[in-house]
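# Structural characterization, general
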Amino acid sequence: MIEPFVQRKGMNGEGNIYITSSGGDENSQEADHLEASFFTHHLASGLRGAADASGDRKVTVMEAYNYAFNHTVAETGGTRGGT
């Protein structure tokens, strides 16, 4: 499995978080049936609660990202565009 790229800078709880579906030199893969990109669809689902891996009814940034990443890789593995 491909490891997600996460860059951590500072841990004081302040700053900005940028979550993207692809790197600057990559394309994002969209799906007609989702009417969105795979990653964006799964990120939104995760933020709505599906990514709550700990069961505490809160979704952290890492839970949301990991959920979107893992589901995107699982769904796109067999597509023409691949993961």
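Heads up: these notes are all about the structure in this document. The model shown is predicted, which means the values in this text are computed figures rather than measured ones.

Turning to the overall build of the protein chain, a few remarks are in order. What the protein chain contains, in helices and strands, is two helices and two strands. When its helices and strands are written in sequence order, the protein chain yields β-β-α-α. Counting across all 83 residues of the protein chain, residues that qualify as buried make up 25%. A sequence separation of at least 24 residues applies to 50% of the contacts in the protein chain between residues at least 6 apart. When the accessible surface of the protein chain is summed, it comes to about 6,500 Å², and 47% of that surface belongs to carbon and sulfur atoms.

With that out of the way, let us pick up helix α1 (residues 38-50). Here α1 spans only 15 Å end to end across 13 residues, well under the 18 Å set by a 1.5 Å rise per residue. Among the residues of α1, those classed as buried are Phe38, Phe39, His42, Leu43, Ser45 and Gly46. The buried residues of α1 all sit within an arc of 165 degrees when viewed along its axis, so they share a single face. Facing away from the buried side of α1, by more than 90 degrees, are the exposed residues Leu47 and Arg48. Against β1 (30-31), β2 (36-37) and α2 (61-76) lie the buried residues of α1.

This part covers the packing of aromatic side chains. Inspection of the entire model under this criterion finds two aromatic pairs. Both rings, one in tyrosine 65 and one in phenylalanine 69, keep their centres 6.0 Å apart while their planes meet at 20 degrees; by these two values the pair is stacked. Placement of both tyrosine 65 and phenylalanine 69 in helix α2 is noted, with a separation of four residues, approximately one turn of the helix. This pair shows no difference in class: tyrosine 65 is buried, exactly as phenylalanine 69 is. Within the aromatic cluster, the residues linked to one another by ring pairs are Phe39, Tyr65 and Phe69.

As a rule of thumb, nonpolar side chains are buried together in soluble globular proteins. By size, the foremost hydrophobic cluster in this structure holds seven residues: Phe39, Leu43, Ala64, Tyr65, Ala68, Phe69 and Val73. Broken down by element, the residue count for this core peaks at five residues, all from α2. Apart from residues lying up to four places away in sequence, alanine 64 is in contact with Leu43, Leu47, Ala51 and Val59.

So, how was this worked out
- Residues numbered from 1 in each chain as written.
- Predicted model: local features only at pLDDT ≥ 70, side-chain atom pairs only at ≥ 80, totals over all residues.
- Heavy atoms only, no water.
- Helix = DSSP H or I, 4+ residues; strand = E, 2+ residues; numbered from the N terminus.
- Buried < 20%, exposed > 50% of the residue type's maximum accessible area, 1.4 Å probe, protein only.
- Contact = heavy atoms within 4.5 Å.
- Areas by Shrake-Rupley, 256 points an atom, 1.4 Å probe, with all protein chains shown as cover.
- Expected span 1.5 Å × (residues − 1).
- Arc of directions from axis to C-beta.
- Phe/Tyr/Trp six-rings, centres within 6.5 Å; stacked < 30°, edge-to-face > 60°.
- Core = buried A, V, L, I, M, F, W, Y, C linked by side-chain atoms within 4.5 Å.

In short, the description is geometric, and any link to function would need to be established separately.
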